[in-house]
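Chains, contacts and geometry: an overview
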Amino acid sequence: MPTPTPDPNAYLRIGSSTYGYYNLDTVVNADSIRATFGRQTTSEQPSPSVLSFTVTRAYDQTAYDFNINDVVEWGLKNGAGTGITRVFYGTVTDINMAVTYWQNGKGYVDYNIMAVGPLTRLQRYYVNSPLSKQYEGDRIFDICSLVGASTSLIETPGGYEVTGVTAAYGPGLGYAQTAAQSGLGLLYEDYDKIRYESYLTRSGRSTSFSLTGNKVEAVNLATTTTITNVVNRVSVAYGSSGGTLSTEYVDTNSQTLYGPLFGTRSTELHNVSDANTQAQQLLKARAYPYAEVTSMVINLENPNLTTTDKNNLLAVRTGQRCTLPLTTVMGTSIDAYIEGYSWELRNRQRILTLYISDHNQNVPYTVWYNVDAAATWNTYATATTTWSDIT
């Protein structure tokens, strides 16, 4: 096996072992490292972040002492090239070993390692006691406190009351995400901590950064406009287990143009007035077709990026608001939310993929009644899964 070229753009720490950014590739296949964060669509709450990478060991090297639950940190070279910005923090959940080459008693072994971020702590904790009626921020805070999860900010009490659950039993993450869904807020990871922001905070956030067209890979820009995103007859489910529907709201002009398109969103809101308000918000945002941006790719080795640009991008977090160039496909820039993102090293280059939504269309958790069962779910896996497969 040829000696790999050391990668100057990243470093990795696994348990007590740190691989500096000048010798990372001597142990870890740097181009195998990939981390994903947040969500790719507003129809779900962010998932725990995931980091995967491959470590290669020669037959005569000491076996590595990676263990389940070891802390993993991954960092990338900062904008000035003088240090490291950490982009992932989590713990090891899976270690898979495979012999990739062996001859005459000599060979190589690959360790494929997966680590997950701090939201996983909520997933592993089971709620097994009644939940009282409370505001959504308070419920999320209580669940995080029970788990002992580190938080950077949980907005309390929140903006909406959620109903009590008399026989609660299940992963804490599910109950926390349902509360966040009911409050139109966002529950996500802030590096090594958990954060919850209300709808008002999210919608009122100022722009974190802006990019111009020559700083984004135009060939990867794409939008989708589909009637699947249109609803003109809307209600919101509320109450225990979402068993009651709000008042139904209708946009008659949209129905004249596109026919009746029914939709709802599931919540555990306590008050019918809140459910009615959210139904009206959903109708206003989704009564007419709009171009939905799916993703864009940014290569941090692009010479058009300034040091400030690079540092802003390395500091990207789910929920940030930014202005991004879409003149290639939309003829304008977009006021966007970052819903999720991924980092990877590709041919020794730092590659960032952003999954974004339009600030003006940001009403999450729509459930569609009129989707063709054969339609592909364009933000799920490899866009080959059909709607009927996941419903």
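Take the overall build of the protein next. Along the protein, the regular secondary structure elements total 8 helices and 26 strands. Sequence separation of at least 24 residues holds for 66% of the intrachain contacts in the protein that already meet a minimum separation of 6. Within the structure as shown, the protein displays about 17100 Å² of accessible surface, and the carbon and sulfur contribution to it stands at 48%.

Let us look at the sheet that holds strand β14 (residues 193-197). Read across the sheet, 3 strands follow the order β10-β14-β13 without closing on themselves; strand pairing throughout is mixed. At either end of the open sheet lies a strand with only one pairing partner, and these are β10 (151-154) and β13 (186-190). The average undirected angle you get between the axes of adjacent strands in this sheet is 20°. Across 5 bridges, the pairing between β13 and β14 is antiparallel. Residue Leu186 lies in a different strand from β14, and its bridge partner there is Glu197. Lying on the sheet, helix α2 (residues 136-147) is in contact with β10, β13 and β14; it crosses β10 at an angle near 155°.

Next up on the list: unusual backbone geometry. The amide bond that connects Thr156 to the next residue, Pro157, takes the cis arrangement and shows omega of 0°. Positionally, Pro157 belongs in the loop between β10 and β11 (161-162). A positive phi is found at Asn69, a non-glycine position, where the angle reads about 80°. With respect to the helices, strands and loops of the structure, Asn69 is situated in the loop between β4 (47-58) and β5 (71-77). Residue Asn69 is classed as partly exposed on the basis of its relative accessible area of 48%. Unusually for a residue other than glycine, Asn104 sits at a positive phi of about 55°. Assignment of secondary structure puts Asn104 in the loop between β6 (84-103) and β7 (106-116). For Asn104, a relative accessible area of 74% puts it in the exposed group.

Let us now look at the packing of aromatic side chains. Remark: the centre distance and the inter-plane angle together describe each pair of aromatic rings, the angle taken between the planes. Counted under the stated rule, the structure contains 7 aromatic pairs. On the basis of an interplanar angle of 85° and a centroid distance of 6.5 Å, the ring pair of Phe66 and Tyr111 is categorised as edge-to-face. Of the two residues, Phe66 sits in the loop between β4 and β5 while Tyr111 sits in strand β7, which places them 45 residues apart along the sequence. On the basis of relative accessible area, Phe66 is assigned to the buried category, the value being 10%. The class of Tyr111 is buried, set by a relative accessible area of 9%. Through a chain of ring-to-ring contacts, the aromatic side chains of Phe37, Phe88 and Tyr341 assemble into a single cluster.

Attention now goes to helix α3 (residues 172-182). Among the 11 residues in α3, 9 count as buried, and that is most of the element. Regarding α3, the residues found buried are Gly172, Leu173, Tyr175, Ala176, Gln177, Ala179, Ala180, Gln181 and Ser182. Immediately beyond the C-terminal end of α3, within one or two residues, lies Leu184, with a positive phi of roughly 60°.

What follows is about the side chain of Glu155. Take Glu155: it is sitting in the loop between β10 and β11. Overall, Glu155 belongs to the buried group, its relative accessible area being 18%. A polar contact of 2.9 Å, which involves the side chain of Glu155, links it to the side chain of Ser198.

Next up on the list: the side chain of Thr353. Mapped onto the fold, Thr353 is located in strand β25 (residues 349-358). Apart from the residues lying within four places of it in its own chain, the contact partners of Thr353 are Ser295, Met296, Val297, Gly340, Tyr341 and Ser342.

Glancing now at α2. Helix length check: α2 (12 residues) gives 17 Å between terminal C-alpha atoms against 16 Å at 1.5 Å per residue, within 8%. Of the positions making up α2, those classed as buried are Glu136, Gly137, Arg139, Ile140, Ile143, Cys144 and Val147. Buried residues of α2 fall within an arc of 165° about the axis and therefore sit on the same side.

Rules behind the numbers
Residues numbered from 1 in each chain as written. Predicted model: local features only at pLDDT ≥ 70, side-chain atom pairs only at ≥ 80, totals over all residues. Heavy atoms only, no water. Helix = DSSP H or I, 4+ residues; strand = E, 2+ residues; numbered from the N terminus. Contact = heavy atoms within 4.5 Å. Areas by Shrake-Rupley, 256 points an atom, 1.4 Å probe, with all protein chains shown as cover. Pairing = 2+ DSSP bridges. Axes fitted to C-alpha atoms, helices over the stretch in contact; angles between N-to-C directions. Buried < 20%, exposed > 50% of the residue type's maximum accessible area, 1.4 Å probe, protein only. Phe/Tyr/Trp six-rings, centres within 6.5 Å; stacked < 30°, edge-to-face > 60°. Polar contact = N/O pair within 3.5 Å; in protein donor to acceptor, adjacent residues only side chain to side chain. Expected span 1.5 Å × (residues − 1). Arc of directions from axis to C-beta.

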